[in-house]
Amino acid sequence: MSTMSEQVILNIAGVNKRFGGLQALTDVGIKIMKGQIYGLIGPNGAGKTTFFNVITGLYQPDTGTFELAGKPYSPSAPHAVAKAGIARTFQNIRLFGEMTALENVMVGRHVRSHQGVFGAVFRHKAAREEEASIRRRSQELLDFVGIGQFANRTSRFLSYGDQRRLEIARALATDPQLLALDEPAAGMNATEKLALRELLVKIKNEGKTVLLIEHDVKLMMGLCDRLTVLEYGKPIAEGLPAEIQSNKAVIEAYLGGSH
Ligand SMILES: Nc1ncnc2c1ncn2[C@@H]1O[C@H](COP(=O)(O)OP(=O)(O)O)[C@@H](O)[C@H]1O
Ligand SMILES: [Mg+2]
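Residues numbered from 1 in each chain as written. Chains lettered and ligands numbered in written order. Predicted model: local features only at pLDDT ≥ 70, side-chain atom pairs only at ≥ 80, totals over all residues. Heavy atoms only, no water.

**Student:** Summarise the coordination of the magnesium ion (ligand 2); cite the residues concerned and give the values.
**Tutor:** For a metal with four tetrahedral donors the ideal donor-metal-donor angle is 109.5 degrees, while six octahedral donors give ideal angles of 90 or 180 degrees. Ligation of the magnesium ion (ligand 2) by protein atoms is provided by Thr49 (OG1) and Gln91 (OE1), these donors lying 2.1 to 2.2 Å from the ion. One end of the pair, Thr49, is in helix α1 (residues 48–55); the other, Gln91, is in the loop between β6 (86–88) and α3 (101–109), with 42 residues separating them in the sequence. For Thr49, a relative accessible area of 24% puts it in the partly exposed group. On the basis of relative accessibility, which here comes to 30%, the residue Gln91 falls in the partly exposed class. (Donors = N, O, S within 2.8 Å, 3.2 Å for Na, K, Ca; no water. Helix = DSSP H or I, 4+ residues; strand = E, 2+ residues; numbered from the N terminus. Buried < 20%, exposed > 50% of the residue type's maximum accessible area, 1.4 Å probe, protein only.)

**Student:** Describe the site of ligand 1, and please don't skip the residues or the numbers.
**Tutor:** Lining the immediate environment of ligand 1, one finds Phe19, Leu22, Ala24, Pro43, Asn44, Gly45, Ala46, Gly47, Lys48, Thr49, Thr50 and Tyr59. Interatomic distance of 2.8 Å between a side-chain N/O atom of Lys48 and an oxygen atom of ligand 1. A distance of 3.1 Å is found between a nitrogen atom of ligand 1 and a side-chain nitrogen or oxygen belonging to Tyr59. Burial of ligand 1 by the protein amounts to 62% of the accessible area it has alone, namely 560 Å². Listed by contribution, the elements that provide at least two residues to the shell around ligand 1 are β2 (22–33) and α1. (Near = heavy atom within 4 Å. Polar contact = N/O pair within 3.5 Å; in protein donor to acceptor, adjacent residues only side chain to side chain. Areas by Shrake-Rupley, 256 points an atom, 1.4 Å probe, with all protein chains shown as cover.)

**Student:** Tell me about the sheet that holds strand β10 (residues 234–239), and please be specific about residues and values.
**Tutor:** The six strands lie next to each other as β6-β7-β8-β3-β9-β10, forming an open sheet whose pairing is mixed. Of all strands in the sheet, those with a lone pairing partner are β6 and β10, marking the two edges. Recorded for the sheet is a direction-independent mean angle of 20° between the axes of neighbouring strands. Sheet topology note: the strand β9 (residues 226–231)/β10 ladder contains five bridges and is antiparallel. Looking at β10, one finds that Thr228 is bridged to Glu238. (Pairing = 2+ DSSP bridges. Axes fitted to C-alpha atoms, helices over the stretch in contact; angles between N-to-C directions.)

**Student:** Which residues make up the pairing of strand β4 (residues 63–68), and what values go with them?
**Tutor:** In this sheet, β4 lies alongside strand β1 (residues 8–19) in antiparallel orientation, the contact comprising five bridges. What sits directly across from Ala13, in β4, is Thr65. Alignment of β4 against strand β5 (residues 71–72), held across two bridges, turns out to be antiparallel. The residue of β5 that forms the bridge with Leu68 is Lys71. Between β4 and β5, which pair antiparallel one after the other, the connecting turn spans two residues, and Ala69 there sits at a positive phi close to 50°.

Quick look at the structure:
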C-alpha cells in the first residue's frame, strides 16, 4: 500500500559523525512519514543538534544516506538543503535583529521566489509583483503563528516567545516538506509553552511534517507521533510515545534520571 498518508518524507540511515576524538553520531537513522510530528530526545550532549546540523548541510557527515520525499538529496550546504525542502530553526535564536518581523519572514520567502533578492532590488515589474506577493504571504504567516500585529516591529524588541514564533514563521516561508525545530520551547515560560504546543498542532493540522527536538518530556509524549531517543550519539530506542515511556534503556538513560 502506498497512500498519500503513508508517504515517507525523510529517510536517513547510517549517519556517522566524528569531531576529532569524539564520535558524536554512531549509525543514526530516522524515518518520518508525511504529516507526523516526529520527536528526537536525549540527554544534553547526546548529539541531537549535531544530527540536525548534518541533515541540514551545516556539518558534513562521515557517512550516511539522505532521502527527502523519495528523492536522494545531498546535505552539502544549507542553501541546497533549504531548496530541497527542509527548513529549520536553531537552538539559539538566529533572527536579523535589526529587521522587522515581516522582513525576517520575507527573507525566508525569497528562497522560493524566482526573482530572488536581486530581482527585488532591480524592481522590474515582475519583480515588483512577486515582491508584493511575498509580502502578502509573509504577513499571512505572521498571522498564522499569532504575531501578525507585530509585523512592523524590529524583531529584537519582540518577546522571547514571539521571537521563537517568528523563527517558525520564517522557516515556514520556504514552504518546506519538513520543518525541523531545535528546542523551540527552550527558555519559554509555561504559558508560552502551551501556546507553542497549540501552534505545533496547528502546523500538523495543515498537513506539515515536523521533526522536533525538545527537552520537555511531557510536552513531547503528548505531541509526537513517534520518537527516537539518542544517548551518546547512538539511537537507543524508537517508537510510539507509550513504547518510549516504558522502555527500560530510555528510563535509565533519560526519563528516570535528573530530568
Ligand atoms: N562543532 C563541534 N565541534 C566539536 N564538538 C562538537 C561540535 N558540535 C557538537 N559537538 C559535540 O558533540 C556532542 C553532541 O552535541 P550536540 O549535538 O550539541 O548535543 P545535543 O544537541 O543533544 O545536546 C557534544 O559532546 C558536543 O560537545
Ligand atoms: Mg542541542
